[in-house]
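Breakdown of the fold
Residues per chain are reported as follows:
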Amino acid sequence: MSAIERTRDWGTVDCRPWRAAIFERLPSLAEDLAAGFLHVAERYGNAAGNRWLARQSAGLIEPEHVYRRFPVIADDLKRAFIARRHAQPTTIEGLRAGCDWLREVESRLKIGSLNATHDDDALVDYAQAQARAVEDARNKLIGGIAEHNRRLRLGLLPPPRRVRQPRGVPLSAQARAMARQIAEARNPLTPPPAGIPLMAVFRWERAPVMSLAVADEMAAAAARKRATLHGIAPPPVKQPASEQLARLSCPGFWRRKLRRLAGRRLEQVQREAYRVHAQAGIYCSEMTLERRRAQRVRNRTLLETLEAINQAGQTYTLAELAELGLANPDHRRAELMLRIRDTEVEARRLGHVGMFYTLTAPSRFHPINANRTRDRHGRERYRCRRNPRYDGSTPRQAQQHIQQVWARARARLARDNRAIYGIRVVEPHHDGTPHWHLLVWMKPEDAEAVTETLRGYAEEEAPEELFNRFGKTTARFDAKRIDDTRGTAAGYVAKYISKNINGEQFARAGIDGDELDRYGHELNSAAPRIEAWAACWGIRQFQFVGLPSVTVWREIRRLTDAQEEQVKRWEAATQPHPRASAVFHRIRAAANAGEWCRFVRLMGGPNTPRKRQPIKPWSIPAFRTSQGGDDFSHATGEQHAEFIQRGRYGDEIQVPKGLAVSDGKGRVSEYLTRLYRWHVRPKRAGGGVFGRRRSRRPLDLCH
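Keep in mind that this is a model prediction, so the values were computed, not measured. (Residues numbered from 1 in each chain as written. Predicted model: local features only at pLDDT ≥ 70, side-chain atom pairs only at ≥ 80, totals over all residues. Heavy atoms only, no water.)

Let us now look at unusual backbone geometry. For A462, which is not glycine, the phi torsion reads 50° and is therefore positive. Inspection of the secondary structure assignment puts A462 in the loop between α18 (447-458) and β10 (467-468). Positive phi, normally seen in glycine, also occurs at N607, with a value near 65°. Structurally, the position occupied by N607 is in the loop between α24 (596-602) and β14 (615-621). Of the residues examined, N607 reaches a relative accessible area of 30% and is grouped as partly exposed. (Helix = DSSP H or I, 4+ residues; strand = E, 2+ residues; numbered from the N terminus. Buried < 20%, exposed > 50% of the residue type's maximum accessible area, 1.4 Å probe, protein only.)

Now for the sheet that holds strand β12 (residues 477-481). Each strand in a sheet pairs with another by means of backbone hydrogen bonds, the pair being arranged parallel or else antiparallel. Overall, antiparallel pairing links the 5 strands, which are arranged β12-β5-β9-β8-β13 in an open sheet. What marks the edges here is a single partner per strand, and that holds for β12 and β13 (542-545). Taking the axes of each pair of neighbouring strands and ignoring which way they run, one obtains an average angle of 15° across the sheet. Where strand β8 (residues 421-428) meets strand β9 (residues 434-442), 8 bridges bridge the pair, whose relative direction is antiparallel. Residue pairing for β9: R424 is matched across the bridge by L438. In the packing of helix α17 (residues 395-415) onto the sheet, the strands contacted are β5 (353-360), β8, β9 and β13, and the crossing angle to β9 comes to about 25°. Each of β5, β8, β9, β12 and β13 touches helix α19 (residues 489-499); the most contacted strand, β8, lies at about 35° to it. (Pairing = 2+ DSSP bridges. Axes fitted to C-alpha atoms, helices over the stretch in contact; angles between N-to-C directions. Contact = heavy atoms within 4.5 Å.)

Taking strand neighbours across the sheet as the criterion, the 3 strands line up as β4-β3-β19 in an open arrangement whose pairing is antiparallel. With partners counted over all chains shown, the strands left at the sheet margins are β4 (315-317) and β19 (679-682), one partner each. Averaged over all pairs of adjacent strands, the angle between their axes in this sheet comes to 30°, without regard to strand direction. As paired strands, strand β3 (residues 306-309) and β4 are joined by 3 bridges and run antiparallel to one another. In the strand pairing of β4, E307 is matched with T317.

Our next topic: the nonpolar core. In terms of nonpolar packing, the biggest core is built from 59 residues, with L77, W254 and L258 touching the most fellow members. Apart from the residues within four sequence positions on either side, L77 is in contact with V66, Y67, F70, W101, L102, V105 and V269. The next biggest cluster of nonpolar side chains, apart from the first, holds 38 residues, and it includes I482, A489, I497 and M603. (Core = buried A, V, L, I, M, F, W, Y, C linked by side-chain atoms within 4.5 Å.)

Evaluated as defined, the whole model comprises 2 cavities of 30 Å³ or more. Looking at the largest cavity, its volume works out to about 50 Å³. Forming the walls of the largest cavity are L359, T360, H401, I402, V405, Y457 and A458. Residue assignment for the lining of the largest cavity shows that the elements contributing at least two residues are β5, α17 and α18. Counting residues per element, the lining of the largest cavity draws most heavily on α17, at 3 residues. Class assignment of the residues belonging to the lining of the largest cavity gives a composition of 5 nonpolar, 2 polar and no charged. Considered as a void within the structure, the second largest cavity measures approximately 40 Å³ in volume. Forming the boundary of the second largest cavity are L114, N115, A116, H118, D119, L123, A262 and R291. For the lining of the second largest cavity, a count of residues per class yields 4 nonpolar, 2 polar and 2 charged. (1 Å grid on protein atoms, 1.4 Å probe; cavity = no way out; pocket = protein on both sides within 12 Å on 5 of 7 lines; lining within 4 Å. Points joined across faces, edges and corners; volume = space filled by probe spheres on them. Nonpolar A, V, L, I, M, F, W, Y, C, P; charged D, E, K, R; others polar.)

Fair warning: the whole summary comes from geometry, so function is off the table for now.
Here it is in structure tokens:
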């Protein structure tokens, strides 16, 4: 006999239907609640059992309702609910913990009225609906301008009522709060109580005259509130209302924000459901990996449908141009390794020493603990268990924590006049929590002080976690000095670079398992998961510190030997200062030779402030090349011609044109590096270009 059937023998005729209603509301939890009722009733009587049942079932929800609402992740939610239930000391505490988590998951995966687990087509339709709603609200306000002003002139507008925000989560509670607020408000037509002067209760307010500017401000305020209710950060208030509305009424804006928000919330639910660790989906969940693959397919398809043509008649698809730049992972990895290798060359010339640091977030950011073990065949394995200290933080919050630690440490080093330079690499643990690898160089006499400064800030929070029965661990901070006799720093960090880009790397001779990551997965299979993890959480994987601008390096390498004639014509037309010209040509020769070490030296050396570097990027506002698209006011019939080209949201566009070279005396000379003007258009069938054959001459990477 089940526990529910046994409860029918307890209580009066009125008690049994009351308990049956509770069990019917929570069918999947009914057996456990019935067992708890029997446990209390057998010891303290039927009334005590009823009180216990009413008190414990008040905050519970039916898990099956949540599972049916999110069928894509229903199995993961069930496993997580069972795990949370068994993690508590008693059954009712486990049920309460599981229900609280499911209630929170349901609220997070509900973005407005959009289900975050739905496919991308539903998200696109929802984004279009939100953008259309913002536009319709603005059009409604504009359409009522004349009627509003007519009523204002005739004195027919009531004074604006300042209504407080209704309390309560469900709509019914908000409606009751609003009705109560209206009922308790004083009627303007009711005379004041005796003894109060009539003028004391009057409040003179002037209703504003409605105009296009006022309508835009009102529509922007409503649109900002709509975005906030969806968990989307609205545009800055300092922006003009027209630019805010241009963004908030754009389907693309809503589509990008909703995709990012839905992806991050889904991935965080997967992490909390223990589906991201070394024994499941390592680094990121399978759902996030599939979403990233679908996104890459969409991007590739779009690039294949667009082509770019320049003034020389060369036509290429955007997909072909993307393969020639840093979007190609092989090119990106080659540039990173070149910069690291030549930075080490320059550090050796200066007599500096290299240090390799590892910074990890505290235990509260890690949902899973992985203990290293070996199976019966001697192979290394990881045994994953839930971390009881985990507080629900996301990888982005862990990244922000490490960034704060790094910022405080650098500020302390700057106060102590200790300069460092190098690269930092961000990669995930098996559970998706980020950690940092720092390869930095410094003066030999500063190495110990820099290490202790970083160690102090990294281990400042929860230092008790750093000790076990063997003593203090390096779980939070680890430091290693680069030994030049055992290898180069570039070789030391090469595996981390390859692992975070595409996994392509030649295994180093004499190193067993060099083609695997620390968890035993091949780099070729781990790299896509790490790339999907970084794209989901918006984490920058590589960043150089204390070195010259790489933008200058890339821009100056556009001017190869093939463009020597164009450079001479530019100098003949602009007449740059001779000293600035000499600086430019020396740095150009170093960049075209691929000598990053000499480039760093000519740019002033490591840790040279940007304002003291001889070359900086040069950008100018974009100008219109045609009269099309001039602003035309349908209300006044005026046409506002403007020379400045503005973006789709009305903001000014800054176009990179080249480099600004300083002669060291305050005189600046500009050099043009963007020699081609590209026009993007839909791909044309047949390959014809303005009646001529499509030009397929090889395109220099620097163009």
